[in-house]
Amino acid sequence: MDDIFVGRLMSSPVTTVAADASAESVAEQLLDEGISSVVVVDDENRIEGILTSTDFVRIAAQGGRTSAVTVADHMTTDVVTTSVNESIERVADLMIEEGIHHVPVVDDTEGVVGIITTTDLTAYLSGIEDPSPARVAN
């Protein structure tokens, strides 16, 4: 696994939203697209946060409604990121250490370029997914 890099397994393009998007519309987007996270970016595609299905579980558990709140109200802003050249072994270790399932992939010039998830790693390890350049999906 040392010779497989994030850029070969990440999902790209990644689904992004603005911080002022309504949480309700993003919840619908997650369901419609069959994904479990969106990356929150600014106008220049720079990462501002991440909102995951776990965040929506937290909103529901607190009795909250999504119609009156924005993504910014519930997104994680201290986001763990990686680069396309990081080994997947290191990212897998990072996911375990941090207790996370989604790691946005960023580039200094282009901003957010993809995302790698536990699903991507599982698909690769199970042999379902061949390591090929930038898969499409999230």
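Here we summarise the structure given alongside this text. Residue positions within a chain follow its written sequence, with the count starting from 1. Reporting of local features is limited, given that this is a predicted model, to residues whose pLDDT is at least 70; pairs of side-chain atoms are given and counted only at 80 or more, and all residues count toward the totals for whole chains, interfaces and linings. The side-chain values count all of the structure's non-hydrogen atoms but skip hydrogen atoms and water molecules.

Our focus in this paragraph is the sheet that holds strand 2 (residues 37-41). Paired strands, as defined in this entry, are two strands with at least two bridges between them according to DSSP. A run of H or I in DSSP becomes a helix once it reaches four residues, and a run of E becomes a strand once it reaches two; helices and strands are each numbered from the N terminus. Spatially, the 3 strands line up as an open sheet ordered 1-2-3, and their pairing is mixed. Looking along the sheet, the strands with just one partner apiece sit at the ends: strand 1 (16-17) and strand 3 (47-52). Pairing analysis gives 2 bridges linking strand 1 to strand 2, with the strands arranged parallel. Along strand 2, the bridge assignment pairs Thr16 with Val39. Running over the sheet, helix 2 (residues 23-33) touches strand 1, strand 2 and strand 3 and is turned about 135 degrees from strand 2. Whether two residues are in contact is decided by their heavy atoms: any pair within 4.5 Å suffices. To obtain an axis, a line is fitted to C-alpha atoms, over the contacting stretch when the element is a helix, and the angle between two such axes runs from 0 to 180 degrees between their N-to-C directions.

For the pair helix 4 (residues 88-98) and helix 5 (residues 118-126), the least separation of the axes is 11 Å and the interaxial angle reads 130 degrees. As judged from the angle between their axes, helix 4 and helix 5 are oblique. The handedness of the crossing between helix 4 and helix 5 comes out as left-handed. Where helix 4 approaches helix 5, its residues Ile88, Ala92 and Met95 are matched on the opposing element by Thr118, Leu121 and Tyr124. Each residue receives one of three labels: charged for Asp, Glu, Lys and Arg, nonpolar for Ala, Val, Leu, Ile, Met, Phe, Trp, Tyr, Cys and Pro, and polar for the others, Gly being one of them. Residues that form the contact of helix 4 with helix 5 fall into these classes: 5 nonpolar, 1 polar and no charged. For classification, angles of less than 35 degrees are called roughly parallel, those exceeding 145 degrees roughly antiparallel, those between 65 and 115 degrees roughly perpendicular, and all remaining angles oblique. The handedness criterion is simple: a crossing whose near helix is rotated anticlockwise from the far helix by less than a right angle is left-handed, and one whose near helix is rotated clockwise is right-handed.

Glancing now at the layout of surface pockets. Residues are said to line a cavity or pocket when one of their atoms sits within 4 Å of a point; the points come from a 1 Å grid over protein atoms alone, cavities being sets where a 1.4 Å probe fits but cannot get out and pockets being open sets with protein on both sides within 12 Å along at least five of seven lines. Grid points are joined across faces, edges and corners, and a volume is the space filled by probe spheres set on the points. What the largest pocket holds in volume is close to 290 Å³. Around the largest pocket, the lining is made up of 13 residues, and of these Ile50, Thr52, Thr76, Ile100 and His101 lie nearest the centre. Mapped by element, the contributors of at least two residues to the lining of the largest pocket are strand 3 and helix 3 (53-61). A per-element tally of the lining of the largest pocket places helix 3 first, with 3 residues. Of the residues that constitute the lining of the largest pocket, the class distribution is 4 nonpolar, 6 polar and 3 charged.

This part covers helix 2. The classification of residues rests on relative accessible area computed with a 1.4 Å probe and restricted to protein chains. Under 20% of the type maximum is buried, over 50% is exposed, and intermediate values are partly exposed. Within the span of helix 2, buried status applies to Ala23, Val26, Ala27 and Leu30. Seen from one end, helix 2 has its buried residues packed into an arc of 105 degrees, which puts them on one side. Check the buried side of helix 2 and you find it contacts strand 1, strand 2, strand 3 and helix 3. Of the residues flanking the end of helix 2, it is Gly34, one or two places downstream, whose phi is positive at about 65 degrees. It is the directions from the helix axis to the C-beta atoms that the arc portrays.

Here we take up the nonpolar core. Grouping buried Ala, Val, Leu, Ile, Met, Phe, Trp, Tyr and Cys residues that are joined through side-chain atoms within 4.5 Å yields what is termed a nonpolar core. Ranked by size, the top nonpolar core spans 16 residues in total, and within it Val17, Val26, Val38, Leu51, Phe56 and Val71 carry the most contacts. Elements with a minimum of two residues in this core: helix 2, strand 2 and helix 3. The element best represented in this core is helix 2, accounting for 4 residues. Counting residues in hydrophobic clusters, the runner-up holds 14 residues, among them Leu9, Met10, Ile116 and Leu121.

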